[in-house]
Amino acid sequence: MPASIREALTTVSTEKNLRRFSSILIIVLSCLALGFVSWRLAFEVPAAAAQSGQSPEIVRTSNPVPRVSKPGDPPALLTTIAPPGSAVYVAKRGETVNLVAHRFLSQTSYLTSSELTEAIRQASGNPQGTYLKAGQELIVPGILANPIVEKTIPVPRDFEVRAVYLTGVMAGSDRGLRIIRRWRELGGNAVVFDVKDSDGSVNIAFDHPLAGGHHVAIHDLPKFTHFLHSQGMHAIARVAIFRDERLVVAHPELAVKSSKTDKPWRENGKLVWTDPSQPKVQQYDIALAKKAAESGVDEVQFDYVRFPAEGDQKDATFLFQTQHPTWHRSEVIADFLKQAYAELHPTGVLLSLDVFGIMAWQRPVDLAHTGQDIVQMAKYCDVLSPMIYPSHFFGMDGIAHPGDAPEHFIGESMKRFELITKGSDVVIRPWLQAFRWRTKTYSPTYIEVQVKTAKDTGGIGFLFWNAANDYSKPYAAMPEMRAVKGQYFRGDELPGIVQAGLTPPTDKAGIDK
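Residues numbered from 1 in each chain as written. Predicted model: local features only at pLDDT ≥ 70, side-chain atom pairs only at ≥ 80, totals over all residues. Heavy atoms only, no water.

Peer 1: Describe the overall build of the protein, naming the residues involved and giving the relevant values.
Peer 2: The helix and strand inventory of the protein stands at 15 helices and 15 strands. The buried share of the protein, taken over its 513 residues, is 51%. Working note: accessible area of the protein is about 23800 Å², and carbon and sulfur atoms make up 55% of it. (Helix = DSSP H or I, 4+ residues; strand = E, 2+ residues; numbered from the N terminus. Buried < 20%, exposed > 50% of the residue type's maximum accessible area, 1.4 Å probe, protein only. Areas by Shrake-Rupley, 256 points an atom, 1.4 Å probe, with all protein chains shown as cover.)

Peer 1: Could you give an account of helix H15 (residues 472-483), with specific residues and numbers?
Peer 2: The complete set of buried residues in H15 reads Pro474, Tyr475, Ala477, Met478 and Met481. Buried residues belonging to H15 abut helix H5 (174-185), helix H14 (444-456) and strand E15 (462-465). (Contact = heavy atoms within 4.5 Å.)

Peer 1: Could you give me a rundown of the pairing of strand E4 (residues 137-140), with the residues and numbers involved?
Peer 2: Side-chain alternation along E4 places Glu137 and Ile139 on one buried face and Leu138 and Val140 on a second face that is also buried. In this structure, strand E3 (residues 87-90) lies alongside E4, joined through four bridges in antiparallel fashion. The residue of E4 that forms the bridge with Tyr89 is Leu138. (Pairing = 2+ DSSP bridges.)

Peer 1: Account for the packing of aromatic side chains, with residues named and values stated.
Peer 2: According to the stated counting rule, one finds 19 aromatic pairs in the structure shown. Look at Phe462 and Phe489: their rings are 6.1 Å apart centre to centre, the planes differ by 50°, and that puts the pair in the tilted class. Of this pair, Phe462 sits in strand E15 while Phe489 sits in the segment after H15, and the two are 27 residues apart along the sequence. Look at Phe462 and you get buried, because its relative accessible area is 2%. Counting every residue linked through ring pairs, the aromatic cluster contains Trp183, Phe462, Phe464 and Phe489. For the cation-ring pair, Arg182 lies above Tyr475, with the distance from its terminal atom to the ring centre recorded as 5.8 Å. (Phe/Tyr/Trp six-rings, centres within 6.5 Å; stacked < 30°, edge-to-face > 60°. Lys NZ or Arg CZ within 6 Å of the ring centre and 35° of its normal.)

Peer 1: Provide a residue-level description of the environment of Val192, including the pertinent values.
Peer 2: Its location among the elements puts Val192 in strand E6 (residues 190-196). Setting aside chain neighbours within four positions, we find Val192 in contact with Ala163, Val164, Tyr165, Leu166, Ile236, Arg238, Gln301, Trp431 and Leu463.

Peer 1: Give a description of the nonpolar core that names residues and reports values.
Peer 2: With 117 residues, the main nonpolar core has Phe193, Phe224, Phe302 and Phe464 as its most contacted residues. A total of eight residues in this core trace back to one element, the largest contributor, which is helix H10 (residues 329-344). In contact with Phe464, not counting residues within four places along its chain, are Ala163, Val164, Tyr165, Trp183, Trp431, Leu432, Ala434, Ile447, Val451, Tyr471 and Pro474. Ranked by size, the runner-up nonpolar core spans 16 residues in total, among them Val97, Val100, Ala101 and Phe104. (Core = buried A, V, L, I, M, F, W, Y, C linked by side-chain atoms within 4.5 Å.)

Peer 1: Give me the lowdown on unusual backbone geometry, citing residues and values where you can.
Peer 2: Its identity is not glycine, yet Asn268 carries a phi of approximately 55°, on the positive side. Counting through the fold element by element, Asn268 comes out in the loop between strand E8 (257-258) and helix H8 (279-294). Looking at Asn268, the relative accessible area reads 53%, which means it is exposed. Despite not being glycine, Gln362 has its phi angle at roughly 45°, a positive value.

Peer 1: Go over the pattern of salt bridges with me, naming the residues and quoting the values.
Peer 2: Evaluation of the coordinates by the stated rule reveals 19 salt bridges. Between Arg162 and Glu160 there is a salt bridge whose closest N-O contact spans 2.9 Å. Taking the relative accessible area as the measure of exposure, Arg162 reaches 1% and is therefore buried. (Salt bridge = Lys/Arg side-chain N within 4 Å of Asp/Glu carboxyl O.)

Peer 1: Help me get a handle on the confidence of the model for the protein, residues and values and all.
Peer 2: With 81% of its residues at a pLDDT of 70 or more, the protein shows a mean pLDDT of 86. Element-level mean pLDDT values for the protein span from 40 in strand E1 (residues 66-67) up to 99 in strand E9 (residues 299-303). Contacts for the low-pLDDT stretch residues 1-71, under 50 throughout, to residues beyond four places or in other chains number 76 contacts. Predicted confidence for residues 498-513 stays below pLDDT 50, and this span has 36 contacts to residues more than four positions away or in other chains. (pLDDT = per-residue confidence, 0-100.)

Peer 1: An account of the packing of helix H13 (residues 406-420) against H14 is needed here, citing residue identities and associated values.
Peer 2: The N-to-C vectors of H13 and H14 enclose an angle of 25°; their axes lie 9 Å apart at closest approach. Considering their axes alone, H13 and H14 lie roughly parallel with respect to each other. Where H13 crosses over H14, the handedness of that crossing is right-handed. Taken together, the residues of H14 that come into contact with H13 (itself represented by Pro406, Glu407, Ile410, Gly411 and Met414) are Tyr446, Val449, Gln450, Thr453 and Ala454. Considered class by class, the residues forming the contact of H13 with H14 number six nonpolar, three polar and one charged. (Axes fitted to C-alpha atoms, helices over the stretch in contact; angles between N-to-C directions. Parallel < 35°, antiparallel > 145°, perpendicular 65-115°, else oblique. Left-handed = near helix turned anticlockwise from the far one by under 90°. Nonpolar A, V, L, I, M, F, W, Y, C, P; charged D, E, K, R; others polar.)

Peer 1: Provide a residue-level description of the environment of Thr439, including the pertinent values.
Peer 2: The residue Thr439 is located in the loop between strand E14 (431-433) and H14 in this model. Through-space distance from the C-alpha of Thr439 to that of Gly403 is 4.7 Å; in sequence the pair is 36 residues apart. Setting aside anything within four residues of it in sequence, one finds Thr439 in contact with Gly403, Asp404, Gln433 and Tyr446. One polar contact links the side chain of Thr439 to the main-chain carbonyl oxygen of Gly403, over a distance of 3.3 Å. Side-chain polar atoms of Thr439 contact the side chain of Asp404, separated by 2.5 Å. (Polar contact = N/O pair within 3.5 Å; in protein donor to acceptor, adjacent residues only side chain to side chain.)

Peer 1: An account of H14 is needed here, citing residue identities and associated values.
Peer 2: Along its 13 residues, H14 runs 18 Å from first to last C-alpha, staying within 8% of the 18 Å computed at 1.5 Å per residue. Of all the residues in H14, the buried ones are Tyr446, Ile447, Glu448, Gln450, Val451, Thr453 and Ala454. Those residues of H14 hidden inside the fold are in contact with H13, E14, E15 and H15. Directly after H14, the chain includes Gly458, whose backbone phi takes a positive value near 105°. (Expected span 1.5 Å × (residues − 1).)

Peer 1: Quick one: what's the story with the packing of H8 against H10, residue by residue and with numbers?
Peer 2: Angle between the axes and distance between the axes are the two parameters that describe a pair of packed helices. Relative orientation of the contacting elements H8 and H10 amounts to 30°, with a least axis distance of 10 Å. Like other packed secondary-structure pairs, H8 and H10 cross with a definite hand, here right-handed. Facing H8, whose interface residues are Gln282, Gln283, Ile286, Ala289 and Lys290, H10 presents Val332, Phe336, Gln339, Ala340, Glu343 and Leu344. Looking at the contact of H8 with H10 residue by residue, the classes come out as six nonpolar, three polar and two charged.

Next comes the structure, spelled out in structure tokens:
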């Protein structure tokens, strides 16, 4: 064949191959481009949202979606299928399981990021190492279809509460959840937790002009209340009312005033008291209580619902002295409670009031200082909870060590409270001592003596107070009291509650000792 013909044929063949290769290349590039766009939509957007701190979206697996193992690799389909109620998250390089849990916590049924972290690890085959690889797939369990909306579980005012107290920070922690589960296991049926503490710290999300920026210890109150209900627990939200350091520091115009200086008055050098007769203060506290009621709590408990009892009383001046010059402090407190009860009672929650144990004696000096007229207060609440810690009765009844005489002081206090509230239908549910201050006899037996004495003298239920939330002695006492049915308590339980946790504890050994 002549050379010229061979060259011509070679040229034609080469052109055909180039055209074929070009077509194949265009098809491959188109597929890659389409896959890259799909990957961007399905992976990059939720990952970027998580990285920016926004509420991240989760890659669901109802349809196959692309994933990336290493930067630059072509997209591939997810290899993990999420079980019902779960979803798959594709990690970015350098993320940790804890970081992913923290960012997705609000979208799940879990209460703490550490609980969710452990659940993610277990669901994802316990990934090794601290940091995740780019494209690593995690199963996120407990995904909620919608935010939890919890409702109050109404109970009669004489429902027998058996409760321990938790600070707001503790209630929002893993240890707090262990305390709740342990207390339930031993026969408790209620928890008192701080919505607002006596330093003014607000522990829940609360949008109010006076609230300002604040640390939220209980991130989702409806979810927390739902958890308590699922455990068979009566949820009691404690609100420290008029002692509020945070509020008077931020808004000194709301503080008690000094008649000498016209500046905020100090109780023994401390600036902590709002003016109980200031309408703005009253409405702020009522609004916070209503917020708790809307979140499904069963009872709102007012503490520090009184005037300051210490410090230079003659120097303290209050708004009511000019607006209602004929009123006494007790009338201010009664008028406030009348307003609060009228707004809270229609929501279905109970209203309980913490009062000084010494008020059982209704001594004029105590009444003049605190304004806690028990007869008047009983008209505007469902439950009175006197703080009858034996150790606090120093100087009373000629007993040198009152902390070691629980039968005397609890018995005497309860009899007096029963007498002065007779005919009011109010329930007396006392705070009892769960700490060793000023007593050498603090023990499980000490706990049992208090509970039995209170019950025998008219008390219905009880609340244990320990500021450090250490309930080792009540834990030890409960099995003994529970074994003798009816001697220490009746054993009331919430109506219609399926006693199964919102999410099971991830650590079977997670019990506080």
